[in-house]
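# Structure assessment
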Amino acid sequence: MATPIPVTFLGTGGFHATAGYWNSFLIGGRILVETAPAVLRNLRVAGIKPNDIEVVFISHFHADHTFGWPFVMYSSLVRERRTADLWVVGPPGIQAFLENMVAAGALDHVVDNARARVGGGYQIRYVEVDEGPQTAGSVNFRAVRVDHDPALECFGYLIEVDGRTVGYSGDTTLCPGLRAIAAGADALVMECNSHHDLNPVHLTFDDVRIIRREFPDLPIVITHHSEDVDDGGLPNVRVPADFETITI
């Protein structure tokens, strides 16, 4: 029997951060999902060492999912003196996107100097998703395309951890990709941007109700939400707080 997986929520809020820090969470103590803007600070508050992270998953390139990357990358190099490779999974173009972010923050030359000072440091291993079964480090996963921002390639994930598959919706609408993730998951971490307001690129709580009906036995954990979202009294639906660890 598979062992339940601890998931620590470093933030549960959406873009406007009205319900908490921006959405980011850690699966099984070693898989970081989304490098939200405050992720380095929140890792430290949660007592998690950046060096414990083996794989980073990024669903798409919006700021609330990515702008914490330079802080995690640089602190791991300089403060933590990381030596083990760090795997980064994301949409096509993930390496160029993150490297451009580091350059925009005037850190590219600083990183080069730090690498020379610490003797090279760790290597970043980028994995561009292709919607088939893939591996990053010791983690097997599958990316699933979802419908969010038509200008971007956006993905959710099915991530295998200790005999269980954790599904993550990414930012999405109620689309075939979301249903495919739900069908393949033992538990689903799912965005719900708001309870009432219709947003054409996000889920509402009515969409959560639909997924609950279609997958009645699937545990659902809601993240990336506004302050008006709760569990709605639905069975096996949870809305964790920032810094809460639950098992799924």
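The rules we used
- Throughout, a residue's number is its position along its own chain's written sequence, starting from 1.
- Only residues with pLDDT of at least 70 get local features here, since the model is predicted, and only at 80 or more are side-chain atom pairs given and counted; chain-wide, interface and lining totals rely on the full set of residues.
- Values shown for side chains rest on all heavy atoms present in the structure; no hydrogens or waters enter the calculation.
- When a residue's accessible area, from a 1.4 Å probe over protein chains only, is under 20% of the maximum for its type it is buried; when over 50% it is exposed; and in between it is partly exposed.
- Helical segments are the DSSP runs of H or I of at least four residues, strand segments are the runs of E of at least two, and each set is numbered from the N terminus.
- Between two residues, a contact is recorded if the distance between any of their heavy atoms is within 4.5 Å.
- Strands are treated as partners if at least two bridges between them are detected by DSSP.
- Under this scheme, a helix contributes an axis fitted over its contacting stretch, all axes are lines through C-alpha atoms, and angles between N-to-C directions fall in the 0 to 180 degree range.
- Roughly parallel means an angle under 35 degrees; roughly antiparallel means over 145; roughly perpendicular covers 65 to 115; every other angle is labelled oblique.
- Left-handed describes a crossing whose near helix is turned anticlockwise from the far helix through less than a right angle; right-handed describes the clockwise counterpart.
- Stacked, tilted and edge-to-face are the three classes applied to pairs of Phe, Tyr and Trp rings, where Trp contributes its six-membered ring and a pair requires centres within 6.5 Å; stacked means planes under 30 degrees apart, edge-to-face means over 60, and tilted covers the rest.
- A ring has a charge above it when a Lys NZ or an Arg CZ is no more than 6 Å from the ring centre and no more than 35 degrees off the ring normal.
- Polar contact is defined as a pair of N or O atoms within 3.5 Å, subject to the rule that within protein one atom must be able to donate a hydrogen and the other to accept it, and that residues adjacent in sequence are counted only when both atoms are side-chain atoms.
- A clockwise path from the first strand over the helix to the second, with the strands pointing away from the viewer, defines a right-handed crossover.

## Quick look at helix H3 (residues 69–78)
Within H3, seven of the 10 residues are buried, which leaves it mostly tucked inside the rest of the structure. By the burial criterion, the buried members of H3 are Trp69, Pro70, Val72, Met73, Ser75, Ser76 and Leu77. Of the surrounding secondary structure, the elements contacted by the buried residues of H3 are helix H1 (39–45), helix H2 (63–66), strand S5 (86–90), helix H4 (94–104), helix H5 (108–118) and strand S6 (124–128).

## Observations concerning the sheet that holds S5
Taken together, seven strands build an open sheet; the order of strands is S6-S5-S4-S3-S2-S1-S14 and the sheet is mixed. For this open sheet the edge positions go to S6 and strand S14 (245–247), each flanked by a neighbour on one side alone. This sheet shows a mean twist of 20° between the axes of neighbouring strands, independent of strand direction. As judged from the three bridges shared by strand S3 (residues 31–33) and strand S4 (residues 55–57), these two strands associate in the parallel manner. Within the sheet, the bridge partner assigned to Ile31 lies in S4 and is Val55.

## Section: the packing of H3 against H5
Direction vectors running N to C along H3 and H5 enclose 20°, while the axes themselves pass 10 Å from each other. Looking at the two axes, H3 sits roughly parallel to H5. Along this stretch, H3 crosses H5, giving a crossing that reads as left-handed. Each of Met73, Tyr74, Leu77 and Val78 in H3 lies in contact with H5, whose residues at this interface are Val110, Val111, Ala114, Arg115, Arg117 and Val118.

## Description of the packing of aromatic side chains
Applying the stated criterion to the full structure yields seven aromatic pairs. Seen from their ring centres, Phe57 and Phe141 are 5.1 Å apart, and the 85° between their planes marks the pair as edge-to-face. A residue pair is termed long-range when its members are at least 10 positions apart, and Phe57 in strand S4 and Phe141 in strand S8 (residues 139–145) qualify at 84 residues. Overall, the relative accessible area of 0% leaves Phe57 in the buried class. Residue classification places Phe141 among the buried positions, given a relative accessible area of 2%. When the ring centre of Tyr122 is taken as reference, the NZ or CZ atom of Arg82 above it lies at 5.5 Å. Here the basic side chain of Arg115 rests over the ring of Tyr122, its NZ or CZ set 5.5 Å away from the ring centre.

## Regarding the sheet that holds S8
The seven strands lie next to each other as S7-S8-S9-S10-S11-S12-S13, forming an open sheet whose pairing is mixed. Edge positions in the open sheet fall to strand S7 (133–136) and strand S13 (237–238), since each of these has one partner strand only. Of the pairings in the sheet, the one linking strand S12 (residues 220–225) to S13 comprises two bridges and is parallel in character. Counted as the bridge partner of Val221 is Arg238 from S13. Running at roughly 10° to strand S9 (residues 155–161), helix H6 (residues 176–184) makes contact with S8, S9, strand S10 (164–168) and strand S11 (187–192) of the sheet. Together, S11, S12 and S13 form the strand contacts of helix H7 (residues 205–214), whose direction differs from that of S11 by roughly 160°.

## Section: the side chain of Asn193
Considering the arrangement of structural elements, one finds Asn193 in the loop between S11 and H7. Looking at Asn193, its side chain comes within polar contact range of the side chain of His224, at 3.4 Å. Once you skip the residues sitting within four places of it in the chain, Asn193 turns out to touch Asn199, His202, Leu203, His224, His225 and Ser226.

## Brief notes about the pairing of S11
Counting buried positions along S11 yields six of six residues, so the element is predominantly enclosed. Side-chain alternation along S11 places Ala187, Val189 and Glu191 on one buried face and Leu188, Met190 and Cys192 on a second face that is also buried. Bridge count between S10 and S11: three bridges; the pairing is parallel. Among the inter-strand pairings, Gly167 is bridged to a residue of S11, identified as Leu188. Each parallel crossover has a hand, and the one from S10 via H6 to S11 is right-handed. Pairing analysis gives five bridges linking S11 to S12, with the strands arranged parallel. For Leu188, the partnering residue across the bridge sits in S12 and is Ile220. In this fold, S11 hands off to H7, which returns the chain to S12; that crossover is right-handed.

Nothing here speaks to function; it is all geometry.
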